[in-house]
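Residue-level structure breakdown
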Amino acid sequence: MPNMRVHRVVARSRSKGVSEMPPEEIKGAVRKAYAKVATAQRCCCNTSCCDEPRMGKSADRAKRYGYDTKGLPKSVTGFFDGCGNPLYLSDIREGETVLDLGSGAGLDVFMAAKRVGAEGRVIGVDMTPEMIEKAKANAQKLGVKNVEFRLGDLEDVPIDDGSVDVVISNCVMNLVPDKQKAFREAYRVLRPGGRMFVSDTVLEGALSKRVRESIKAYTGCVSGAMEEGPYLQTIRDAGFADVKVMGRSKLSRHVASVKINALKPTK
Ligand SMILES: C[S@@+](CC[C@H](N)C(=O)[O-])C[C@H]1O[C@@H](n2cnc3c(N)ncnc32)[C@H](O)[C@@H]1O
């Protein structure tokens, strides 16, 4: 979730503006920020979407978003970096295959793994090698067998067409330079009739030029976010139907978190 310390850090930063950076350079900065998060002693502030001063520590935030974190180690809950709970009130059924786009340290993957049971499967994809290593170590620690973590970019997801029942994602799409491509990928990997549950940041009002151009604000889930209307349209343009906002909470003056459900039509 968005880091409000970002606004103070931004004021001191003199790096190249986001609009001058090619997409690969932006992704490089995002990868670097989240590698730092994954290898830190504890999650997360100043580099990531975490907003510790306002929302409390990662584990507390997860509880507040409705996660049942009992029995999970700090290496999972303490590295939760989402801005909502895409699984909350979502119909994930036993035996289903779930894909988590931008899986981080794995909290949503482990939660979904409980829901799909031994006959189901949950795959997490993330482009930061250190995050994938952390999530794999967490899976081993928990002894969870029905999960898998793959290194990959959301603009080119390493998953077969039509092979998953449910796509979830938590505070990640805002970090992807080509959101249209990423949502098309989500659509491609879903089977017809498959569902998507996303929590993400959206903008409410205009950011100052300084924040808009700041790569720290970008990696902090602020300046890469879109306004809600165009964001929903991007999901529809990727082919999704029944695109609905299921919840919204204000995170700061210009940033809100939204929970969105969408469907891949059967025809
Ligand atoms: C704010 S964290 C959220 C992590 C996790 N979903 C959670 O709730 O804790 C964003 C994650 O998305 C990953 N990410 C960002 N852009 C990505 C991209 N283009 N492809 C794959 N992963 C990406 C980062 O490496 C990071 O682990």
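Scroll up a little and you will see the structure.
Please read these numbers as outputs of a predicted model, since none were measured by experiment.

Another point: the overall build of the protein chain. In terms of helices and strands, the protein chain carries eleven helices and eight strands. The buried share of the protein chain, reckoned over its 267 residues, is 51%.

Below, the discussion takes up the pairing of strand S5 (residues 190–203). Where burial is concerned, most of S5 is hidden: eleven out of the 14 residues are buried. Pairing of strand S4 (residues 164–170) with S5 involves six bridges; the strand directions are parallel. Residue serine 169 lies in a different strand from S5, and its bridge partner there is valine 198. Remark: the S4/helix H8 (residues 179–189)/S5 crossover connection has right-handed handedness. Across nine bridges, the pairing between S5 and strand S8 (residues 255–263) is antiparallel. The partner of threonine 201 across the bridge, within S8, is serine 257. Inspection of the sheet shows S5 paired to strand S6 (residues 226–227) by two bridges, in the parallel sense. Bridging from a neighbouring strand, valine 202 pairs with methionine 226 of S6.

This part takes up the environment of valine 258. In this structure, valine 258 sits in strand S8. Overall, the presence of 20 C-beta atoms within 10 Å leaves valine 258 in the buried class. Excluding residues within four positions of it along the chain, valine 258 makes contact with Asp200, Val202, Glu228, Val245, Gly247 and Arg248.

Further remarks concern the environment of threonine 39. Positionally, threonine 39 belongs in helix H2 (residues 23–39). In sequence terms threonine 39 and glutamate 130 are 91 residues apart; their C-alpha atoms lie 6.9 Å from each other.

Quick look at the nonpolar core now. Among the nonpolar cores identified, the biggest contains 76 residues, and Val98, Leu99, Ala112, Val167 and Ala186 are the most heavily contacted of them. A per-element tally of this core places helix H6 (residues 107–116) first, with seven residues. For leucine 99, the residues in contact, after removing those within four places along its chain, are Ile123, Val125, Ile159, Val164, Val167 and Val189.

Relative to each other, H2 and helix H7 (residues 129–142) sit at 30°, their axes nearing to 7 Å. Taken together, the axes of H2 and H7 are roughly parallel relative to one another. For H2 against H7, the interelement crossing comes out left-handed. Residues Tyr34, Ala35, Ala38 and Thr39 of H2 form the contact with H7, whose own contacting residues are Glu130, Met131 and Lys134. Across the contact of H2 with H7, the residue classes break down as four nonpolar, one polar and two charged.

Looking now at H6. Counting buried positions along H6 gives eight out of ten residues, so the element sits mostly inside the fold. Every buried residue of H6 is listed here: Leu107, Asp108, Val109, Phe110, Met111, Ala112, Ala113 and Val116. Downstream of H6 by a residue or two, glycine 117 has a phi angle that is positive, lying close to 70°.

The rules behind the values
- Position numbers for residues count from 1 along each chain, tracking the sequence in the order it is written.
- Local features are withheld for residues below a pLDDT of 70 in this predicted model, meaning they are given only at 70 or higher, and side-chain atom pairs are given and counted only at 80 or more; totals for whole chains, interfaces and linings count all residues.
- Every helix listed is a DSSP run of H or I at least four residues long, and every strand listed is a run of E at least two residues long, numbered separately from the N terminus.
- With C-beta atoms placed from the backbone, a residue is labelled by how many other C-beta atoms lie within 10 Å of its own: buried for 20 or more, exposed for 12 or fewer, partly exposed between the two.
- At least two bridges found by DSSP between two strands are what make those strands a pair.
- We call a crossover right-handed when, viewed with both strands directed away from the observer, the connection leading from the first strand over the helix to the second proceeds clockwise.
- Once C-beta atoms are placed from the backbone, any two residues with those atoms within 7 Å are in contact.
- Nonpolar cores are built from buried Ala, Val, Leu, Ile, Met, Phe, Trp, Tyr and Cys residues. These are joined into a set through C-beta atoms within 7 Å.
- Every axis in this analysis is a line fitted to C-alpha atoms, fitted for helices over the stretch in contact. Angles between the N-to-C directions lie between 0 and 180 degrees.
- Angle categories: roughly parallel below 35 degrees, roughly antiparallel above 145, roughly perpendicular from 65 to 115, and oblique for all the rest.
- Working rule for handedness: look at the near helix, and if it is turned counterclockwise from the far one by less than a right angle, call the crossing left-handed; if clockwise, right-handed.
- Polarity classes work like this: nonpolar for Ala, Val, Leu, Ile, Met, Phe, Trp, Tyr, Cys and Pro, charged for Asp, Glu, Lys and Arg, and polar for all others, with Gly in that last group.

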